[in-house]
Amino acid sequence: MILDRYFARRFLQSFLFIGAVFMTLILLIDLIEQVRRFDEADLSLGQLLQLTLLNAPAAISEMLPLLMILATIALFVGLARSSELVVTRSIGRSGIRALVAPVLVSAVIGVLAVAMLNPIVAATGEEYQRLADTYRNGGNSALSISGEGLWLRQGTEAGQSVIHANGFGEEDEFALLDVTILTYSKDGGPVRQIVAESARLGDGVWVLENAKAWPLAAGLNPETNAAVHERLELPTTLTRDRILDTLGQQGTVSVYDLPQLIQDLQQAGFSTKQYEVWLHAELARPLFLISMVLVGAVFTMRHVRFGGTGVAVLTAVLLGFALYFVRNFAQILGENGQLSVYLAAWAPPIAAILLPLGLLLHAEDG
């Protein structure tokens, strides 16, 4: 147990040190990106730092696999150079047994990433999107899905609009069905109500089909002054990607809320495949982090006198990137319906564990 605690402490120290270095670099790069992105909004340094820090949890979440493999490489290269692995094997403990502590630490980090980091990423991502919309348009956009349909609020230079839809049409072009829109002026007063058969998101506009509009100005009879349009365009700053981001495609919904979101999307007529894959991929994250530890160990658990340490480290990193690419590719296939949800989310982490484990068994036992 003393040796296991020693390995666990060394691994955790390497993980925290490498994570701090990468986080510092990413914060500096992201700060420059925020300056470029909001160059026309005339934001203060404090506002830019706030946006950068709100992006930080998402960056940490994305970096976890890379941090795991680099921390493992740093641990075992250091143990090999100090001959501690040789001493460990001389007392009868195999190299695989020495992996127990780092694997357990990575499993704990993976569980914490799902249980705690994921909700933090969801909350900070949502707040970042709200602030970004406010700085760009003077108002934020929001979206809600329930059994009663879709509710969407958008902000433009002219004011706010609230959109309600009872159904969803072609996903590729983001068409809403049975739409009701209530527009407000900048002072908050209602200006117009529109009811349309459908609303299709175009380039900077909602294209409404078979729409009827009632003016809500004081002193006017709405029904008398109502107008019917076969085609009506309503300006918008929204895009399909931004709406899907708000829905949670990019992780702005925590794993605790994803099951309810999936149920509400199904009731509203939306496709839920991508959210189901996202949920199971998050639940499988601890297994994938464990696989990164095994990949980093399989090429570095040998004494430095054999040479080729640089090649071994490069091979481990490249294999880690390859497994990460395969995992993401499988998720894309799952979202498109080419693979089942469980196969797309769980097969890559399990395969990523079995591959280096087989190599380790071959290296240790022949």
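What follows covers a negative patch on the surface. On the surface, a cluster of negative charge is made up of Asp178, Glu197, Glu209 and Glu230. Along the chain, Glu197 turns up in strand E5 (residues 190-201). Exposure remark for Glu197: the relative accessible area of 52% places this residue in the exposed category.

Looking now at the packing of helix H9 (residues 285-298) against helix H10 (residues 309-335). The contact between H9 and H10 brings their axes to 9 Å, and the two run at 155°. Our classification of the angle between H9 and H10 gives roughly antiparallel. Handedness of the crossing formed by H9 with H10: right-handed. Contact residues: H9 offers Phe288, Met292, Val295 and Gly296, while H10 offers Ala316, Leu319, Gly320, Leu323, Tyr324 and Arg327. Each residue belonging to the contact of H9 with H10 can be placed in one class, and the counts come to 7 nonpolar, 2 polar and 1 charged.

So, about unusual backbone geometry. Here Asp178, not a glycine, exhibits a phi torsion of approximately 55°, which is positive. Note on placement: Asp178 falls in strand E4 (residues 175-184).

So, on to H9. End to end, H9 covers 20 Å across 14 residues, agreeing with the expected 20 Å (1.5 Å per residue, within 8%). Of all 14 residues in H9, 13 are buried, a share of seventy percent or more.

Let's shift gears to the pattern of salt bridges. Summed over all chains, the structure comprises 5 salt bridges. Note that Lys212 is salt-bridged to Glu223, the shortest N-O span being 3.0 Å. Note that Lys212 is positioned in strand E6 (residues 205-215) and Glu223 in the loop between E6 and strand E7 (227-235), a separation of 11 residues in sequence. Here the salt bridges do not stand alone but share partners, grouping Glu33, Arg36 and Arg37 into one network.

Glancing now at the packing of aromatic side chains. Across all of its chains, the model carries 3 aromatic pairs by this definition. Note on Phe288 and Tyr324: the rings are 6.3 Å apart at their centroids and 45° apart in plane angle, and the pair reads as tilted. Here Phe288, found in helix H9, pairs with Tyr324, found in helix H10; they are 36 residues apart in sequence, far enough to count as distant. Plain terms: the ring middles of Phe325 and Phe329 are 6.2 Å apart, the flat faces sit at 10° to each other, and that makes the pair stacked. Within this pair, Phe325 and its partner Phe329 are both found in helix H10, separated by 4 residues, close to a single helical turn. Directly above the ring of Phe288 sits Arg327, whose terminal nitrogen or CZ lies 4.7 Å from the centroid.

Okay, a nonpolar patch on the surface next. A cluster of nonpolar side chains, Phe17, Val21, Leu25 and Ile29, forms an exposed patch at the surface whose accessible area comes to about 420 Å². Secondary-structure assignment places Val21 in helix H1 (residues 2-37). When its relative accessible area of 39% is taken as the criterion, Val21 is described as partly exposed.

Reading guide: rules and limits
Residues numbered from 1 in each chain as written. Predicted model: local features only at pLDDT ≥ 70, side-chain atom pairs only at ≥ 80, totals over all residues. Heavy atoms only, no water. Patch = residues over 30% accessible without salt bridge, like charges linked within 9 Å, V, L, I, M, F, W, Y side chains within 5 Å. Areas by Shrake-Rupley, 256 points an atom, 1.4 Å probe, with all protein chains shown as cover. Salt bridge = Lys/Arg side-chain N within 4 Å of Asp/Glu carboxyl O. Lys, Arg positive; Asp, Glu negative; His and termini not counted. Charge placed at Lys NZ, Arg CZ, Asp CG, Glu CD. Helix = DSSP H or I, 4+ residues; strand = E, 2+ residues; numbered from the N terminus. Buried < 20%, exposed > 50% of the residue type's maximum accessible area, 1.4 Å probe, protein only. Axes fitted to C-alpha atoms, helices over the stretch in contact; angles between N-to-C directions. Parallel < 35°, antiparallel > 145°, perpendicular 65-115°, else oblique. Left-handed = near helix turned anticlockwise from the far one by under 90°. Contact = heavy atoms within 4.5 Å. Nonpolar A, V, L, I, M, F, W, Y, C, P; charged D, E, K, R; others polar. Expected span 1.5 Å × (residues − 1). Phe/Tyr/Trp six-rings, centres within 6.5 Å; stacked < 30°, edge-to-face > 60°. Lys NZ or Arg CZ within 6 Å of the ring centre and 35° of its normal.

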